[in-house]
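These are the residues of each chain, in order.
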Amino acid sequence: KNDNNSAILRNFQTTFFAMSRLASFPWTYVEKQLECNKSADLISEILNRQTCLHPLCQKFPPSVQFRRMFLMELIRRLEAAGCDPLDELYDALAAVVGTEDTTECYKSYLLPSGDAVSLLENVALISDGTTGLVTWEAALYLAEWALDHQQTFTNRTVLELGSGVGLTGITICRSCRPSRYTFSDCHSGVLQRLRSNVKLNGLMEETPPLVSMEELDWTAVTEEQIKQMEADVVLAADVVYDPDIVRSLVELLSAILRCSRPDIIICSTVRNQETYSSFKQQLEKAGIQHRVITGAVKHMFPYNRASQIEIIQLHTRVVQ
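Residues numbered from 1 in each chain as written. Predicted model: local features only at pLDDT ≥ 70, side-chain atom pairs only at ≥ 80, totals over all residues. Heavy atoms only, no water.

(A) Region of interest: the sheet that holds strand 4 (residues 180-185). Spatially, 5-4-3-6-7-9-8 is the arrangement adopted by the seven strands of the open sheet, whose pairing is mixed. The open sheet has two edge strands, strand 5 (210-215) and strand 8 (288-293), and neither has a second partner. Averaged over all pairs of adjacent strands, the angle between strand axes in this sheet comes to 20 degrees, irrespective of strand direction. In terms of strand pairing, strand 4 meets strand 5 through six bridges, oriented parallel. Paired with Thr182 across the two strands is Ser212, which belongs to strand 5. Against the sheet, helix 8 (residues 167-175) engages strand 3 (157-161), strand 4, strand 5 and strand 6 (233-237), with an angle of about 175 degrees to strand 4. (Pairing = 2+ DSSP bridges. Helix = DSSP H or I, 4+ residues; strand = E, 2+ residues; numbered from the N terminus. Axes fitted to C-alpha atoms, helices over the stretch in contact; angles between N-to-C directions. Contact = heavy atoms within 4.5 Å.)

And the structure:
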């Protein structure tokens, strides 16, 4: 029973720091505990050890609006159960009620080791003309897959395309022991944020794994640049969302496969079946075959699992 309670309270923690929807919290557990007159101990535990008063929240706080909504929901459930108000709960709410909302916030994703990958992200999904300043589901899924397949990255040189704010790459660098990791993106604002997040998570260019950042324009990259990266593994998450960039992506993947034979892994949320099918057709026309990687991954991060997410591995067609 204690193990079950610990797992549920950890669920509160992972869900809170990833700023998941309020509906996804394990509120049923709270209601049952309140019925058993365990309100003070439980709310204290959730506040102090799992959410708003946790040291991680002091260092890398979720958005003001999210913390406000979370505390108000906790109070609403406490009052609905007829429990006495808890001073520390109202004090925590008072601290955020008068605070101005910001356009940026921190999201933290807890790793199996107990450490967290903390990222500065934008509150808005689209800002500064890009979607690259937030973490998307495919990046989380690919990070979970990497945690289940650490040998794919251990002691290898990795190139990531369209790194965004850095969740997948930082997770791999922290957990999978690559020898070298190159983050890349084409948007200057995204690269600036990426650089900050990499530093925020203690990854430095001088210490293993060797980390670098590349401004990579898919339409202008040369084969010489590709060869210099010497990638054993190339990966990307959520880069097949716009028909206008699919051709550039396929041309880049073709160039990579002409230069060497790395493992290429692409993880996509299939939002538009026509766009995704077009990507696969263009791969086929370019002589690139793909294999869908199946099998469940261990759920580590909270996100919407109703989305259709697919991982494929690419290789060139063998000429007989």
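(B) Just helix 2 (residues 27-35), in detail. Among all positions in helix 2, only Trp27, Tyr29, Val30, Gln33 and Leu34 are buried. Projection of helix 2 onto a plane perpendicular to its axis shows the buried side chains occupying an angular sector of 155 degrees, all on one side. More than 90 degrees from the buried face of helix 2, the exposed residues found are Thr28, Lys32 and Glu35. (Buried < 20%, exposed > 50% of the residue type's maximum accessible area, 1.4 Å probe, protein only. Arc of directions from axis to C-beta.)

(C) Representation of the domain arrangement of the protein within the structure. When the domains of the protein are assigned, the result is domain 1 (1-102) and domain 2 (106-316). The straight-line distance from the C-alpha centre of domain 1 to that of domain 2 is 33 Å. In this assembly, 14 residues from domain 1 lie in contact with 11 residues from domain 2. Summing both sides of the interface, domain 1 and domain 2 together bury roughly 1100 Å²; the carbon and sulfur share of this comes to 66%. Among the residues domain 1 hides against domain 2, the three largest losses belong to Arg10, Ala18 and Phe60. Together they make up 41% of the total. One can count zero salt bridges joining domain 1 with domain 2. (Domains from an automatic or database assignment. Buried area = accessible area lost by both parts, 1.4 Å probe. Salt bridge = Lys/Arg side-chain N within 4 Å of Asp/Glu carboxyl O.)

(D) A look at the pattern of salt bridges. Summed over the entire model, instances satisfying the criterion amount to 11 salt bridges. As a salt-bridge pair, Asp238 and Arg271 come within 2.7 Å of each other at their nearest N and O atoms. Of the two residues, Asp238 sits in the loop between strand 6 and helix 11 (243-259) while Arg271 sits in the loop between strand 7 (263-269) and helix 12 (273-285), which places them 33 residues apart along the sequence. Owing to a relative accessible area of 47%, Arg271 belongs among the partly exposed residues under this scheme.

(E) Structural context of helix 7 (residues 137-148). With 12 residues, helix 7 should reach 16 Å at 1.5 Å per residue; the first-to-last C-alpha distance of 17 Å fits that figure. Across the 12 residues that make up helix 7, a large majority, 11, are buried. In this structure, the buried residues of helix 7 make contact with strand 1 (104-110), helix 8, strand 6, strand 7, strand 8 and strand 9 (309-316). (Expected span 1.5 Å × (residues − 1).)

(F) Local environment of the side chain of Glu144. Looking at the element boundaries, Glu144 is found in helix 7. Looking at Glu144, its side chain comes within polar contact range of the main-chain nitrogen of Met300, at 2.7 Å. In this view, Glu144 contacts Val297, Lys298, His299, Met300, Phe301, Tyr303 and Arg305; residues no more than four positions away in its chain are not counted. (Polar contact = N/O pair within 3.5 Å; in protein donor to acceptor, adjacent residues only side chain to side chain.)

(G) Quick peek at the packing of helix 11 against helix 12. The contact between helix 11 and helix 12 brings their axes to 10 Å, and the two run at 30 degrees. The angle between helix 11 and helix 12 falls in the class roughly parallel. Regarding helix 11 and helix 12, the two cross each other, and that crossing is right-handed. Along the contact surface, helix 11 presents Pro243, Val246, Arg247, Leu249, Val250 and Leu253, while helix 12 presents Thr275, Phe279, Gln282 and Leu283. (Parallel < 35°, antiparallel > 145°, perpendicular 65-115°, else oblique. Left-handed = near helix turned anticlockwise from the far one by under 90°.)

(H) Expanded view of the environment of Leu9. Mapping Leu9 onto the fold places it in helix 1 (residues 2-17). Given the relative accessible area of 9%, Leu9 is considered buried. When sequence neighbours within four positions are dropped, the list of residues in contact with Leu9 reads Tyr29, Leu42, Glu45, Ile46 and Gln50.

(I) Spotlight on the pairing of strand 7. Counting buried residues in strand 7 gives six out of seven residues, a clear majority hidden from the surface. Where strand 6 meets strand 7, five bridges bridge the pair, whose relative direction is parallel. Paired with Leu235 across the bridge in strand 7 is Ile265. Taking the sense of rotation as the criterion, the β-α-β connection linking strand 6, helix 11 and strand 7 turns out right-handed. Pairing of strand 7 with strand 9, which is carried by six bridges, proceeds in the antiparallel orientation. Paired with Ile264 across the bridge in strand 9 is Leu314. (Right-handed = clockwise from strand over helix to strand, strands pointing away.)

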